[in-house]
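Summary of the model geometry
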Amino acid sequence: MTDEICSKCDADAVIHREYEGRSLCKKHFSIDVNKQVKKTIREGDLVESGDTIAVGLSGGKDSAVLLEQLVKVFGERPDIEIVGVSVHEGIDEYRDESITAAQELCDELGVALHVGRYSDYYDLKMDDVADAGERGNCTYCGIFRRDLLNKLAREVDADKIAIGHNLDDEAQAIMMNYIKGDTRRLARVGSRTDQVSHDKFVPRIKPLLDVREKEIALYSRLHDLGVIDRCPHVQEGTLRPMVKSFLNKLESQMPGIKHSIVSQGHDLSSLVEENFEFEDSEIKECERCGEPCSGGLCRKCQLLDDIKKAADESEEHDFEK
Ligand SMILES: [Zn+2]
Ligand SMILES: [Zn+2]
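This is a predicted model, so every value here is computed, not measured.

So, how was this worked out
- Residues numbered from 1 in each chain as written.
- Chains lettered and ligands numbered in written order.
- Predicted model: local features only at pLDDT ≥ 70, side-chain atom pairs only at ≥ 80, totals over all residues.
- Heavy atoms only, no water.
- Donors = N, O, S within 2.8 Å, 3.2 Å for Na, K, Ca; no water.
- Tetrahedral: all angles 85-135°; square planar, octahedral: opposite > 155°, others 65-115°.
- Domains from an automatic or database assignment.
- Contact = heavy atoms within 4.5 Å.
- Buried area = accessible area lost by both parts, 1.4 Å probe.
- Salt bridge = Lys/Arg side-chain N within 4 Å of Asp/Glu carboxyl O.
- Buried < 20%, exposed > 50% of the residue type's maximum accessible area, 1.4 Å probe, protein only.
- Helix = DSSP H or I, 4+ residues; strand = E, 2+ residues; numbered from the N terminus.
- Right-handed = clockwise from strand over helix to strand, strands pointing away.
- Pairing = 2+ DSSP bridges.
- Phe/Tyr/Trp six-rings, centres within 6.5 Å; stacked < 30°, edge-to-face > 60°.
- Patch = residues over 30% accessible without salt bridge, like charges linked within 9 Å, V, L, I, M, F, W, Y side chains within 5 Å.
- Areas by Shrake-Rupley, 256 points an atom, 1.4 Å probe, with all protein chains shown as cover.
- Axes fitted to C-alpha atoms, helices over the stretch in contact; angles between N-to-C directions.
- Parallel < 35°, antiparallel > 145°, perpendicular 65-115°, else oblique.
- Left-handed = near helix turned anticlockwise from the far one by under 90°.
- Nonpolar A, V, L, I, M, F, W, Y, C, P; charged D, E, K, R; others polar.
- Core = buried A, V, L, I, M, F, W, Y, C linked by side-chain atoms within 4.5 Å.

1. Comments concerning the coordination of the zinc ion (ligand 1)
- Protein coordination of the zinc ion (ligand 1) is provided by Cys6 (SG), Cys9 (SG), Cys25 (SG) and His28 (ND1), with donor distances spanning 2.0 to 2.4 Å.
- Coordination at the zinc ion (ligand 1) is tetrahedral, judged from the four donor atoms that bind it and the angles of 102 to 113° they form at the metal.
- For the zinc ion (ligand 1), all donor residues lie on one chain, and their spacing in sequence is C-x2-C-x15-C-x2-H.

Written out as structure tokens, the structure reads:
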């Protein structure tokens, strides 16, 4: 809450937007978020008639707001179908709770939910393999989640996967690509990722791309959407938190800077795409699991091997004792 009055009516404001110098009440803020989402969908051509959209649901605030918004925009359209998809990583209490929340939200909004478990697809649970591999838990889990979300979307015959990526996520991704000099990934930012085309790869769309993380948090509080989403096995890399706090500092001094970073990143992304021919960009299929990848074993299968190796080694070690 702020002490101010809405710039559009005389109700109390719930937010003061530094970047546009106005304040909004709950009603006008909510209308504005919805307008922004519609604009992102329209300008990016994210949804077409006939689409089935799988919405990735974590039980957290971003994905809950995403589903609520998509149902608001397309719920009455007979030519567009919305299905929830959730990944259970085998992080028992945490994920059981958030999947229950996702199920409740889906029931409330009249959307079906399809859940897939790491234990069924990869024969492992993150609770059992956490801290086992050489890389951080989030690296493993992120790759498995991406792979499984894609599979689940195919299982519900989805044309697209909608993910709750927001403006802050996008600004961070762009800055991280600059810092790492990752030109190839720079070509893959934007509100839809269909640069990789392969039958088995369901394109991803980001309808919340132009909404700030803070505003999604506010919206979720005002509308009682989403539960707290903090994984007990989280091991973040060092770069992202630094970039995040740097961007927040910049934004507080220069309101609107995150938005300019994102729009510049997108302009550059199109240039990169037009001007660079990436070698070996042809998509092949993983020789073990058949999922799309750049050749040989896919990242997921490599990491599964990694985990297995670590498990065997620790067993041997136990035996020696
Ligand atoms: Zn108002
Ligand atoms: Zn594979």
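2. Digging into the coordination of the zinc ion (ligand 2)
- Donor atoms from the polypeptide that bind the zinc ion (ligand 2) are Cys286 (SG), Cys289 (SG), Cys298 (SG) and Cys301 (SG), placed at 2.3 Å.
- Every donor counted, the four donor atoms about the zinc ion (ligand 2) form angles of 106 to 113° at the centre, which fits tetrahedral coordination.
- Of note, the donors binding the zinc ion (ligand 2) are all from one chain and are spaced C-x2-C-x8-C-x2-C.

3. Examining the domain arrangement of the protein
- Taken domain by domain, the protein consists of domain 1 (1-38) and domain 2 (44-282).
- Contacts between the two partners involve 13 residues from domain 1 and, on the opposite side, 16 residues from domain 2.
- On the domain 1 side of the interface with domain 2, the three residues burying the most area are Tyr19, Phe29 and Val37, jointly 40% of the side's total.
- Here domain 1 and domain 2 share one salt bridge between them.

4. A word on the pairing of strand 4 (residues 81-88)
- The buried fraction of strand 4 is high, at seven of eight residues.
- Running through helix 2 (residues 61-74), the crossover from strand 3 (residues 52-56) to the neighbouring parallel element strand 4 is right-handed.
- Direction of pairing for strand 4 relative to strand 5 (residues 112-117): parallel, over a ladder of six bridges. Each bridged residue has a counterpart across the sheet, and for Val85 the counterpart in strand 5 is His114.
- This β-α-β element, strand 4 to helix 3 (residues 92-109) to strand 5, shows right-handed connectivity.

5. Some words on the packing of aromatic side chains
- As enumerated under the stated definition, the model contains four aromatic pairs in all.
- A ring pair is formed by Tyr118 and Phe144, whose centres lie 5.7 Å apart and whose planes are at 85°; its orientation type is edge-to-face. One end of the pair, Tyr118, is in helix 4 (residues 118-121); the other, Phe144, is in helix 6 (residues 137-155), and 26 residues separate them in sequence.
- The class for Tyr118 is buried, based on a relative accessible area of 0%.

6. A short note on a nonpolar patch on the surface
- Side chains of Tyr178, Ile179, Leu268 and Leu271 sit close together on the surface and give an oily, nonpolar patch of about 350 Å² of accessible area.
- Among the secondary structure elements, those contributing two or more residues to the nonpolar patch are helix 7 (167-180) and helix 11 (257-275).
- A relative accessible area of 32% places Leu268 in the partly exposed class.

7. Section: the packing of helix 7 against helix 11
- Between helix 7 and helix 11, whose axes approach to 9 Å, the crossing angle comes to 55°. Looking at the two axes, helix 7 sits oblique to helix 11. Both helix 7 and helix 11 take part in a crossing whose hand is left-handed. Only Lys258, His259, Ile261, Val262, Gly265, His266 and Leu268 of helix 11 make contact with helix 7, whose side of the interface consists of Leu167, Asp168, Glu170, Ala171, Ile174, Met175 and Tyr178.
- Its residues assigned to classes, the contact of helix 7 with helix 11 comprises eight nonpolar, three polar and three charged.

8. Quick look at the pattern of salt bridges
- If you walk through the whole model with that rule in mind, you get 23 salt bridges.
- Between Asp62 and Lys61 there is a salt bridge, with the nearest N and O atoms lying 3.8 Å from each other.
- Arg77 is the partner of Asp79 in a salt bridge, and the nearest nitrogen-oxygen pair spans 2.9 Å.

9. Description of the sheet that holds strand 3
- Read across the sheet, six strands follow the order 5-4-3-6-8-7 without closing on themselves; strand pairing throughout is mixed. Looking at which strands have only one partner, the edges of the open sheet turn out to be strand 5 and strand 7 (192-193).
- Docked against the sheet, helix 2 engages strand 3, strand 4 and strand 6 (160-162), running at close to 155° with respect to strand 3.
- Taken strand by strand, helix 6 contacts strand 3, strand 4, strand 5, strand 6 and strand 8 (204-205), and its axis lies near 145° from that of strand 4.

10. Brief notes about the nonpolar core
- Phe29, Val47, Ile53, Val55, Leu67, Leu70 and Ile82 are the most contacted members of the largest nonpolar core, which has 36 residues in total.
- Mapped by element, the contributors of at least two residues to this core are helix 1 (26-43), strand 3, helix 2, helix 3 and helix 9 (213-222).
- Looking at this core element by element, the count peaks at seven residues for helix 2.
- When residues of this core are sorted by domain, at least three fall in each of domain 1 (1-38) and domain 2 (44-282).
- Residues contacting Ile82, with those up to four places away along its chain left out, are Ile53, Val55, Leu67, Leu70, Val71, Phe74 and Val111.

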